[in-house]
Amino acid sequence: MPVLDILGPTAGRTAPPSAPALPTRSETRILPMPPLEWNEQVANETAHLYARVKTVIPEIEWPFFAPYVKAINALKKERNAVILAHNYQTPEIYNCVADFVGDSLQLAREATRVDADVIVQCGVHFMAETSKILNPEKTVLIPDSKAGCSLASSITGEDVRLLRARFPGVPVVAYVNTSADVKAEVDICCTSSNALQVVESLPGDTVIFVPDQYLANYVAGQTSKKIIAWKGACEVHERFTGEELRRFREDDPTIQIIAHPECPPDVIAEADFTGSTAHMIDWVRAKRPKRIVMVTECSMADNVQAELPDVEFVRPCNLCPHMKRITLPKILDSLVYMKEEVVIDPAIAERARRSVERMVNLKS
Ligand code: SF4
């Protein structure tokens, strides 16, 4: 069923900052900065990690990364910390310092299970907020609090209240790519992995779905429910076009194309498969195509390439500038100085937790 209506901010409205400056909670013991020189010992101790990424990180670059990798892995033990890394993180983070990797849903689920005092979220700000919402007693750090998201900054809690006033009684679903303030106002969250399941789980024949208009459109195509969408978009995925994908196919008719549902409809129409980042990775693992275009953030192809060197990835490279704010030096600073701590108003966190937990607890 086509999307019923798409509402959203009027052109020219200034979006609120998605990653406001956050106060830190308390005095924390600062640890000494570890040595960061490259030497034979560092080379030996990190050789097994370089083996994981050697297909995507040139040997000449490893002496820069290795001292940070060694220092971060040692400090994680000292702080009793875990690193959660999104699939869009760069290979040296994803493969060499992360304890858990995945899409937003996998990281949200993992965040409820971790047995650590500190969570370092290598992703964007709304992901760190989600971890904090689910772990109010733990310290959650994000290496760069300016790592925002065009979707999260497209809508506010006040916008959701206005939507509720306009469509009384209609349930509201928020994609996890939203601030805690928005999550606190909605009935349930979803990710691109479970958006259809979440929409179908709600009562009534109409659902308000915010803020990604393209994901809303993708879900609308698979459900009989009427969807009222919001005019938000991912600045990375909306840059892809069906036209560029058709050119890939003209050059190589055997190429496989898989796309993320945050892409515009003409891109999804060209794809052989559409799914969340986790589902895209599973698809490549299962099918092992000879050549493939992964229509999503560019680093994910590097991360899957490191695992599956026999698959050739053709990369129309769109990077997320927010994800790329997270670097090894900033992760090290996080663990040394215990910054930037994610702090959420407890009343907002409590209401947001209900929306996230409803999603996490939904039977798959
Ligand atoms: S890739 Fe898109 S949806 Fe993901 S964090 Fe970047 S801007 Fe947000």
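Residues numbered from 1 in each chain as written. Predicted model: local features only at pLDDT ≥ 70, side-chain atom pairs only at ≥ 80, totals over all residues.

### Observations regarding the site of the ligand
Around the ligand lies a shell formed by V124, C149, S150, L151, N177, C234, E235, V236, E297, C320, H322 and M323. In the shell around the ligand, the residues fall into 7 nonpolar, 3 polar and 2 charged. Counting residues domain by domain, the shell around the ligand receives three or more from each of domain 1 (5-10 + 154-236) and domain 2 (40-150 + 323-337). (Near = placed C-beta within 6 Å. Nonpolar A, V, L, I, M, F, W, Y, C, P; charged D, E, K, R; others polar. Domains from an automatic or database assignment.)

### Comments concerning helix α2 (residues 62-79)
Along its 18 residues, α2 runs 25 Å from first to last C-alpha, staying within 8% of the 26 Å computed at 1.5 Å per residue. Inspection of α2 places W62, F65, A66, P67, Y68, V69, K70, A71, I72, L75 and R79 among the buried residues, and these make up the whole buried set. Along its buried surface, α2 packs onto α1 (40-53), β2 (81-86), α3 (91-96), β4 (118-122) and α14 (328-337). Residue N80 follows α2 closely and has a positive phi angle near 50°. (Helix = DSSP H or I, 4+ residues; strand = E, 2+ residues; numbered from the N terminus. Expected span 1.5 Å × (residues − 1). Buried ≥ 20, exposed ≤ 12 C-beta atoms within 10 Å, placed from the backbone. Contact = placed C-beta atoms within 7 Å.)

### Remarks on the packing of helix α5 (residues 125-134) against helix α15 (residues 346-360)
Close contact between α5 and α15 brings their axes to 9 Å; oriented N to C, the two are set at 95°. As summarised for this structure, α5 and α15 are arranged roughly perpendicular, according to the angle between their axes. Taking contact as the criterion, the partners of T130, I133 and L134 in α5 are, on α15, A349, A352, R353 and V356. Residues belonging to the contact of α5 with α15 are distributed by class as follows: 5 nonpolar, 1 polar and 1 charged. (Axes fitted to C-alpha atoms, helices over the stretch in contact; angles between N-to-C directions. Parallel < 35°, antiparallel > 145°, perpendicular 65-115°, else oblique.)

### Here we look at the pairing of strand β8 (residues 206-210)
Among the 5 residues in β8, 4 count as buried, and that is most of the element. For the handedness criterion, the β-α-β arrangement of β8, helix α9 (residues 213-220) and strand β9 (residues 226-230) is classed as right-handed. (Right-handed = clockwise from strand over helix to strand, strands pointing away.)

### Regarding the domain arrangement of the protein chain
Taken domain by domain, the protein chain holds domain 1 (5-10 + 154-236), domain 2 (40-150 + 323-337) and domain 3 (240-314). Contacts between the two partners involve 12 residues from domain 1 and, on the opposite side, 10 residues from domain 2. Among the residues forming the side of domain 1 that touches domain 2, the class breakdown is 4 nonpolar, 7 polar and 1 charged.

### Some words on the sheet that holds strand β10 (residues 256-259)
Pairing in this open sheet of 4 strands is parallel, and the strands run β11-β10-β12-β13 from one edge to the other. Each edge of the open sheet carries a strand with a single partner, namely β11 (273-274) and β13 (312-314). When strand β12 (residues 291-295) meets β13, the two strands line up parallel, connected through 3 bridges. Of the residues in β13, the one forming a bridge with I292 is F313. Running over the sheet, helix α10 (residues 242-251) touches β10, β12 and β13 and is turned about 175° from β12. (Pairing = 2+ DSSP bridges.)

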